[in-house]
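# Residue-level structure breakdown
Take a look at the letters that make up each chain.
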Amino acid sequence: MAETSENHYEISIENLTYSHIPGAPPSLANINIHLPKGSRTILVGANGAGKSTLLQILAGKRLISAPGTDVRIKGRDVFRNTPLGITFLGTEWATNPVVRGDIVVSDFLNSVGGYRYKERRDRLLDILDIDLDWHMHQISDGERRRVQLCMGLMGDWDVLLLDEVTVDLDVLVRDDLLTFLKQDSVARGATILYATHIFDGLNKFPTHVAHMHLGSFLMEPTSWPFTSGTMGATSVDLGHNPTLYSLALQWLKEDRERRKTLEAQGRKRRGARNNSVPSDSETFYRKYDYSH
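Residues numbered from 1 in each chain as written. Predicted model: local features only at pLDDT ≥ 70, side-chain atom pairs only at ≥ 80, totals over all residues. Heavy atoms only, no water.

By the naming in an unreviewed UniProt entry, the protein chain is P-loop containing nucleoside triphosphate hydrolase protein, taken from Lentinus tigrinus ALCF2SS1-6.

## Notes on the overall build of the protein chain
Check the secondary structure of the protein chain and you find 8 helices and 10 strands. Oriented by its inertia axes, the alpha-carbon framework of the protein chain measures out at about 65 × 50 × 45 Å. Scored against the burial criterion, the 292 residues of the protein chain give a buried share of 45%. The long-range share in the protein chain, meaning contacts at least 24 apart out of those at least 6 apart in sequence, stands at 64%. Here the protein chain has roughly 15600 Å² of accessible surface; of this, 49% comes from carbon and sulfur atoms. Here the protein chain contributes 34 positive and 36 negative side-chain charges, whose respective centroids are spaced 5 Å apart. (Helix = DSSP H or I, 4+ residues; strand = E, 2+ residues; numbered from the N terminus. Buried < 20%, exposed > 50% of the residue type's maximum accessible area, 1.4 Å probe, protein only. Contact = heavy atoms within 4.5 Å. Areas by Shrake-Rupley, 256 points an atom, 1.4 Å probe, with all protein chains shown as cover. Lys, Arg positive; Asp, Glu negative; His and termini not counted. Charge placed at Lys NZ, Arg CZ, Asp CG, Glu CD.)

## Some points on the packing of aromatic side chains
All chains considered together, the criterion is met by 3 aromatic pairs. Between Trp-224 and Phe-226, the aromatic rings sit 5.0 Å apart at their centres with planes inclined by 75°, giving edge-to-face as the arrangement. We note that Trp-224, like Phe-226, is buried. Ring geometry for Phe-226 and Trp-251: centres 6.4 Å apart, planes at 45°, overall tilted. Of this pair, Phe-226 sits in the loop between strand E10 (216-223) and helix H7 (244-264) while Trp-251 sits in helix H7, placing them 25 residues apart in sequence. For the pair formed by Phe-226 and Trp-251, the shared burial category is buried. Through successive ring pairs, a cluster of aromatic residues spans Trp-224, Phe-226 and Trp-251. The side chain of Arg-40 reaches across the aromatic face of Phe-205, ending 5.9 Å from its centre. A cation over a ring is seen here: Arg-188 above Trp-157, with NZ or CZ 5.0 Å from the ring centre. (Phe/Tyr/Trp six-rings, centres within 6.5 Å; stacked < 30°, edge-to-face > 60°. Lys NZ or Arg CZ within 6 Å of the ring centre and 35° of its normal.)

## Quick look at the side chain of Gln-148
By the secondary structure assignment, Gln-148 is in helix H5 (residues 141-153). Once you skip the residues sitting within four places of it in the chain, Gln-148 turns out to touch Leu-89, Gly-90, Trp-93 and Val-165.

## Structural notes on the sheet that holds strand E4 (residues 70-73)
On the basis of which strands lie adjacent, the open sheet formed by 4 strands has the order E2-E1-E4-E5 and antiparallel pairing. On the outer flanks of this sheet lie strand E2 (28-35) and strand E5 (76-77), each paired with one strand and no other. (Pairing = 2+ DSSP bridges.)

## Let's talk about the packing of helix H4 (residues 118-127) against helix H6 (residues 171-188)
At a closest axis distance of 9 Å, the pairing of H4 and H6 adopts a crossing angle of 150°. When the axis of H4 is compared with that of H6, the two are roughly antiparallel. Of the residues in H6, those touching H4 at Arg-120, Arg-123, Leu-124 and Ile-127 are Val-173, Asp-176, Leu-177, Phe-180, Gln-183, Asp-184 and Arg-188. Partitioning the contact of H4 with H6 into residue classes produces 5 nonpolar, 1 polar and 5 charged. (Axes fitted to C-alpha atoms, helices over the stretch in contact; angles between N-to-C directions. Parallel < 35°, antiparallel > 145°, perpendicular 65-115°, else oblique. Nonpolar A, V, L, I, M, F, W, Y, C, P; charged D, E, K, R; others polar.)

## Concerning the pattern of salt bridges
Scanning all chains against the criterion turns up 16 salt bridges. Across the pair Asp-184 and Arg-188 runs a salt bridge whose closest N-O atoms are separated by 3.0 Å. Here Asp-184 pairs with Arg-188, and both are found in helix H6, just 4 residues apart, close to one helical turn. According to the relative accessible area criterion, Asp-184 is buried, its value standing at 6%. Of the charged contacts in the structure, one is a salt bridge between Arg-258 and Glu-254, with a shortest N-O distance of 3.8 Å. Of this pair, Arg-258 and Glu-254 both sit in helix H7, separated by 4 residues, roughly a single helical turn. The structure contains a network of salt bridges with shared partners spanning Arg-120, Asp-156, Asp-184 and Arg-188. (Salt bridge = Lys/Arg side-chain N within 4 Å of Asp/Glu carboxyl O.)

## Here we look at the sheet that holds strand E9 (residues 208-213)
Hydrogen bonds between backbone groups are what pair the strands of a sheet, and the pairing can be parallel or antiparallel. In space, the 6 strands of this open sheet follow the order E6-E7-E8-E3-E9-E10, with mixed pairing throughout. Only two strands of the sheet have a single partner each, and these edge strands are strand E6 (86-89) and E10. Pairs of neighbouring strands in the sheet enclose a mean axial angle of 10°, with direction left out of account. Bridge count between strand E3 (residues 40-44) and E9: 4 bridges; the pairing is parallel. Paired with Ile-42 across the two strands is Val-209, which belongs to E9. Where helix H2 (residues 51-58) meets the sheet, its contacts fall on E3, E6, strand E7 (159-163), strand E8 (191-195), E9 and E10, and the angle it forms with E7 comes to roughly 150°. Running at roughly 150° to E8, H6 makes contact with E3, E7 and E8 of the sheet.

Structural data, given as structure tokens:
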């Protein structure tokens with residue numbers, strides 16, 4: 001790894017290719033990222049583009065051992081010399097049976113060290129509109145998500161990896177949270193990498209935007225708002241001041257067309273098929289009898 005990359009980039013990935021199953025087609029291919037400290041990057045891509053896998057790798061949740069691959073945060077290898085100050089928040093937390101038990105929110109937050117971060121915890125309790133007397137097993141998924149965010153954000157994180165965790169929030173709480181995260185990033189030089197499919201109200205949040213498609217970057221993280229010539233892989237003129245929503249919508253439309261072209265060339269197809277369903281009852285029940 002070059003010394004300049006270690007010293008000048010908060011998040012740095014070199015030559016990352018990754019498959020979930022050995023020998024299978026890669027879920028990520030030739031990924032390179034160089035993000036400065038204090039940047040806030042939005043990852044745009046369809047379901048299955050590789051955003052979650054990328055964030056999990058950065059969080060050290062998946063071991064990468066391929067020669068020539070280098071994944072660093074704060075200049076340190078995320079697998080072998082994991083730096084402090086990394087927070088990963090994903091959607092799977094709210095479905096964990098442990099956090100659906102009969103425990104009061106105040107006790108839950110104290111059990112994970114909330115008393116150590118009282119000032120930030122209390123500010124987040126107000127922003128996320130959390131009732132400390134809620135019982136975790138009685139609240140909605142959106143309310144449980146608020147508790148997760150409070151738990152994950154109350155410490156002084158340096159790098160925040162967000163994977164769709166605002167999907168359950170109502171629009172007011174989401175807007176208040178994004179305002180807090182932007183202010184926190186600016187004030188402390190904290191870095192955010194955020195994968196989302198909700199682009200309303202995001203125009204002023206990111207410093208960078210990236211476009212992922214089928215495990216690769218069609219556009220690596222690029223400064224936002226775009227200037228002339230930095231629209232990336234899109235064939236449509238969206239004007240001088242495109243919104244993230246209009247840009248993402250156009251990118252995803254073009255991604256679907258790219259995928260259909262690959263399907264016409266032999267890639268496995270999605271959508272409806274012309275499979276025949278047996279018309280006589282004996283053949284039908286023999287085909288769909290799952291009792292054995």
